[in-house]
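Architecture at a glance
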Amino acid sequence: MSIALNLDHSSAVRPVAAGRPSLIGLSKPLLAEALVSHEVVSEKEGRMRASQLWNWLYVNGVTDFERMTNVAKPVRQKLAETFNLDRPEIVTEQVSVDGTRKWLFRFRDPQNPNMPPVEVETVYIPESDRGTLCVSSQVGCTLTCSFCHTGTQKLVRNLTAGEILGQILMARERLGDFPGGARPDDGGLVPGGETRAITNIVMMGMGEPLYNYDNVKAALLIASAGDGMSISKRRITLSTSGVVPYIEPTGREIDVMLAISLHAVRDDLRDVLVPINKKWPLKELLAACRNYPGLSNARRITFEYVMLDGINDSDAEARELVRLLAGIPAKINLIPFNPWPGANYGTSPSSRIERFADIVNKAGYASPVRTPRGRDIFAACGQLKSESERLSKKDRDALAAV
């Protein structure tokens, strides 16, 4: 029987620095600009101080200006008076029997302290050769994919670049993943900082990343910066349901690996499973994939295909999948459907998934069957959701006026 350990951190809430903007999520030039425009430092020393802060924030994971020992004390004082380095609050941390961890993170807006906080879920999946962090880009989602639990939650808002990075920073803190960093209360996963706990990032959490392109781009460029978090772009994967106009810019401007939530080989079925298909059907989506910058056998696109019993799992659909992807360097991830309360689908039997995979394999495509992780804590693919709700314009205006 599956047992999930639930660790409640709601009483250990970090204070919100009301009215002070966060420095998390700013590029180096914007960081220097912020320091100068807020008269913390002169224009002459802006770039130098920005580089110092960058190292403290993203290499060492510091959240207290006073710990920045190579920054002059008067400057540290001005920084603390002007800015904040807040990370999200941990509402709950759940640990699955298979080691998967799921956090419910709460974000508050220091610029609008009257606005209610929002919450997102973030998942860490440890494996023998890697540790993957599944990051959210939006609170809720607009796509209403019929097999996805997140799709039942209306979009509340986009996450900022700082909030996207905040998930990574908070996860690294909890996992003891900073050099000499504080270890989690329960012992952590990285003994003595010998190696990284988080080696891979996947933008596969709540929301559609390409509907929040600018913030996702800013966050991933910081996450992959060699003098910062230094996560290889080959180890960062952005998953989209098919926002065609932003696929080419993703490859050219962010230069990360691409995954496509495909799930069907016919437009009529994909219109139901992934309604964005009505706007950008398969022909347009696959054309964009064929033109993805840098596409090669060494840089394949991953096509995600959730296996729904009696819906999209026939031999004929496996053969059509092979035909559709002809000429695209690709890997096909077959994902057993992960049930959630109220779902109208069932998981394809193992024998059916194996038969489907065999057809795809024989055509020359790698088609691993993804092992469900964290099902017992609803941390598996398609199971993420939070209770944040979108406010009406009237409610937002009323709160802003308080």
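As a reminder, the structure under discussion sits directly above these lines.
**Focus on the packing of helix α5 (residues 213–223) against helix α6 (residues 247–254)**
The interhelical angle for the contact between α5 and α6, taken along N-to-C directions, is 25°, at an axis separation of 11 Å. As judged from the angle between their axes, α5 and α6 are roughly parallel. Between α5 and α6 the crossing geometry is right-handed. Between α5, through Y213, K217, L220 and L221, and α6, the contact on the second element is made entirely by P249, T250, E253 and I254. Residues that form the contact of α5 with α6 fall into these classes: five nonpolar, one polar and two charged.

**Quick notes on helix α10 (residues 350–362)**
With 13 residues, α10 extends 18 Å from end C-alpha to end C-alpha; this agrees with the ideal 18 Å at 1.5 Å per step. Along α10, the residues that are buried comprise I353, F356, A357, I359 and V360. End-on view of α10: buried residues confined to an arc of 155°, all on one side of the axis. Away from its buried face, by an angle of more than 90 degrees, α10 presents the exposed residues S350, S351, E354 and K362. Looking one or two residues past α10, G364 carries a phi angle of roughly 100°, positive in sign.

**Some remarks on the packing of helix α1 (residues 28–37) against helix α2 (residues 43–59)**
When two helices pack together, their arrangement is given by the angle between their axes and by how far apart the axes lie. Interaxial distance between α1 and α2 falls to 8 Å at its minimum, and their mutual angle equals 125°. By the criterion of interaxial angle, the relationship of α1 to α2 is oblique. Of the two elements, α1 crosses α2, and the hand of that crossing is right-handed. Contact residues: α1 offers K28, L31, A32, L35 and V36, while α2 offers E43, G46, R47, R49, A50, S51, L53 and W54. Along the lines of polarity and charge, the residues of the contact of α1 with α2 split into seven nonpolar, two polar and four charged.

**Some thoughts on the side chain of T82**
With respect to the element layout, T82 can be found in helix α3 (residues 73–82). Polar side-chain contacts of T82 include one of 2.7 Å to the backbone oxygen of K78. Setting aside residues no more than four positions away along its own chain, T82 makes contact with R20, P21, H38 and V40.

What counts as what
Residues numbered from 1 in each chain as written. Predicted model: local features only at pLDDT ≥ 70, side-chain atom pairs only at ≥ 80, totals over all residues. Heavy atoms only, no water. Axes fitted to C-alpha atoms, helices over the stretch in contact; angles between N-to-C directions. Helix = DSSP H or I, 4+ residues; strand = E, 2+ residues; numbered from the N terminus. Parallel < 35°, antiparallel > 145°, perpendicular 65-115°, else oblique. Left-handed = near helix turned anticlockwise from the far one by under 90°. Contact = heavy atoms within 4.5 Å. Nonpolar A, V, L, I, M, F, W, Y, C, P; charged D, E, K, R; others polar. Expected span 1.5 Å × (residues − 1). Buried < 20%, exposed > 50% of the residue type's maximum accessible area, 1.4 Å probe, protein only. Arc of directions from axis to C-beta. Polar contact = N/O pair within 3.5 Å; in protein donor to acceptor, adjacent residues only side chain to side chain.

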